[in-house]
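Survey of secondary and tertiary structure
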Amino acid sequence: MPMEYARAAIPDSYIPRASSPIFQHLLDTYASETNKVISVWHYFSAEDMTFRPHPRSKTVLEIVKHQLLSERRFFGEFMGVPEPPAAQVLPARETPEDYAARMRELAEPRLSFFAKQTEAWWTEKVPFFDVIRERIWVFWRRVLHTCHHRTQLTVYLRMMNKSVPSTYGPTADVTWEGADPTQTVEAASRK
């Protein structure tokens with residue numbers, strides 16, 4: 001039985017086809033990572049939004065706000081993607097469900113925009129903070145940044161004694177028949 005996520009905010013059938021097949025992985029990955037973030041956010045309750053594991057740590061609410069606002073900045077300022085004004089990015093209510101819905105609403109038009117882009121657009125060099133990088137590099141940097149914050153929140157879930165959803169494979173809370181995590185030298189030795 002293959003791995004299936006409990007929530008798929010952006011189903012595979014919604015992901016548009018890239019103008020060139022070589023870039024389809026960008027759209028597929030962005031949709032998949034968005035789904036994973038949304039899945040993790042749904043494991044928090046409204047009461048959990050003020051949790052922070054340490055006085056110097058960000059709260060759950062601060063991390064989800066940062067996720068939405070920094071994605072808007074990466075895509076709008078650095079990559080030139082049409083984005084709503086920053087003042088319109090955050091949802092009116094501060095619940096995990098509202099933030100998850102807003103994440104999906106912001107991601108869907110990005111997928112359509114990315115699908116139309118050419119190799120010349122993806123490889124064009126653009127300003128990124130104080131350096132110049134290709135747009136495709138900025139895109140992957142954004143995906144990695146998203147993974148970082150999603151992982152922060154899975155640690156928060158564990159510290160709160162809540163279940164941790166599967167994002168790339170089985171967890172201590174979620175597994176399935178045929179799951180084969182690489183935790184031994186034997187497993188890592190397979191070809």
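Throughout what follows, the structure given in this document is the object of discussion. Model, not experiment: these values are computed from the prediction.

Counting through the fold element by element, Gln-24 comes out in helix α1 (residues 24–41). On the accessibility criterion, Gln-24 (11% relative accessible area) is buried. For Gln-24 and Ala-115, which are 91 residues apart along the polypeptide, the C-alpha to C-alpha distance reads 7.7 Å. Residues within four places of Gln-24 in sequence aside, it is in contact with Ile-15, Pro-16, Arg-17 and Ala-18.

As judged from the 4 bridges shared by strand β1 (residues 125–128) and strand β2 (residues 131–134), these two strands associate in the antiparallel manner. Following the sheet pairing, Lys-125 is matched in β2 by Glu-134. Hairpin connection from β1 to β2: 2 residues lie between these consecutive antiparallel strands, with Phe-129 at a positive phi of about 50°.

Take the packing of aromatic side chains next. Remark: the centre distance and the inter-plane angle together describe each pair of aromatic rings, the angle taken between the planes. Under the definition given, this model contains 21 aromatic pairs. Between Phe-75 and Phe-139 the ring centres are 6.4 Å apart and the planes differ by 35°, which places this aromatic pair in the tilted class. With a gap of 64 residues between them, Phe-75 in helix α2 (residues 60–78) and Phe-139 in helix α5 (residues 135–159) connect regions that are remote in the sequence. The rings of Phe-23, Tyr-30, Phe-75, Phe-113, Phe-114, Trp-121, Trp-122, Phe-139 and Trp-140 are connected pair by pair, giving a single aromatic cluster. The ring of Phe-74 has Arg-142 sitting right over it, with the charged end atom 4.8 Å from the ring centre.

Let us now look at the side chain of Glu-33. The residue Glu-33 is located in helix α1 in this model. In terms of polar contacts, Glu-33 uses its side chain to reach the side chain of Arg-150, at 2.6 Å. For Glu-33, the contacting residues outside a window of four places in its chain are Val-143, Cys-147, Arg-150 and Tyr-168.

Turning our eyes to something else, we now look at the nonpolar core. Among the nonpolar cores identified, the biggest contains 27 residues, and Leu-27, Met-79, Phe-114, Trp-122 and Phe-139 are the most heavily contacted of them. Secondary structure elements with two or more residues in this core: α1, α2, α3 (96–116), α4 (119–123), β1 and α5. In this structure, Trp-122 is in contact with Phe-23, Leu-26, Met-79, Phe-114, Gln-117, Glu-134, Arg-135, Ile-136 and Phe-139, ignoring residues within four places of it in sequence. Counting 21 residues, the second-largest nonpolar core is a separate cluster that includes Ile-63, Val-64, Ala-100 and Val-164.

Here Phe-128 lies in strand β1. Here Phe-128 falls in the buried class, since its relative accessible area comes to 5%. The spatial distance from the C-alpha of Phe-128 to the C-alpha of Lys-116 is 22 Å, given a sequence separation of 12 residues. When neighbours within four sequence positions are excluded, Phe-128 is seen to be in contact with Phe-74, Phe-78, Arg-133, Trp-137, Val-138 and Arg-141.

On to the pattern of salt bridges. Under the definition given, this model contains 14 salt bridges. Measuring nitrogen to oxygen at the nearest pair gives 4.0 Å for the salt bridge that ties Asp-28 to Arg-17. Within this pair, whereas Asp-28 is found in helix α1, its partner Arg-17 is found in the segment before α1, the two being separated by 11 residues in sequence. Put simply, Glu-105 and Arg-102 hold a salt bridge, and the shortest N to O gap is 3.1 Å. Residue Glu-105 and its partner Arg-102 are located together in helix α3, separated by 3 residues, close to a single helical turn. For Glu-105, a relative accessible area of 39% gives the class partly exposed. Through salt bridges with shared partners, a single ionic network connects Glu-33, Lys-36 and Arg-150.

Cut-off values and rules
Residues numbered from 1 in each chain as written. Predicted model: local features only at pLDDT ≥ 70, side-chain atom pairs only at ≥ 80, totals over all residues. Heavy atoms only, no water. Helix = DSSP H or I, 4+ residues; strand = E, 2+ residues; numbered from the N terminus. Buried < 20%, exposed > 50% of the residue type's maximum accessible area, 1.4 Å probe, protein only. Contact = heavy atoms within 4.5 Å. Pairing = 2+ DSSP bridges. Phe/Tyr/Trp six-rings, centres within 6.5 Å; stacked < 30°, edge-to-face > 60°. Lys NZ or Arg CZ within 6 Å of the ring centre and 35° of its normal. Polar contact = N/O pair within 3.5 Å; in protein donor to acceptor, adjacent residues only side chain to side chain. Core = buried A, V, L, I, M, F, W, Y, C linked by side-chain atoms within 4.5 Å. Salt bridge = Lys/Arg side-chain N within 4 Å of Asp/Glu carboxyl O.

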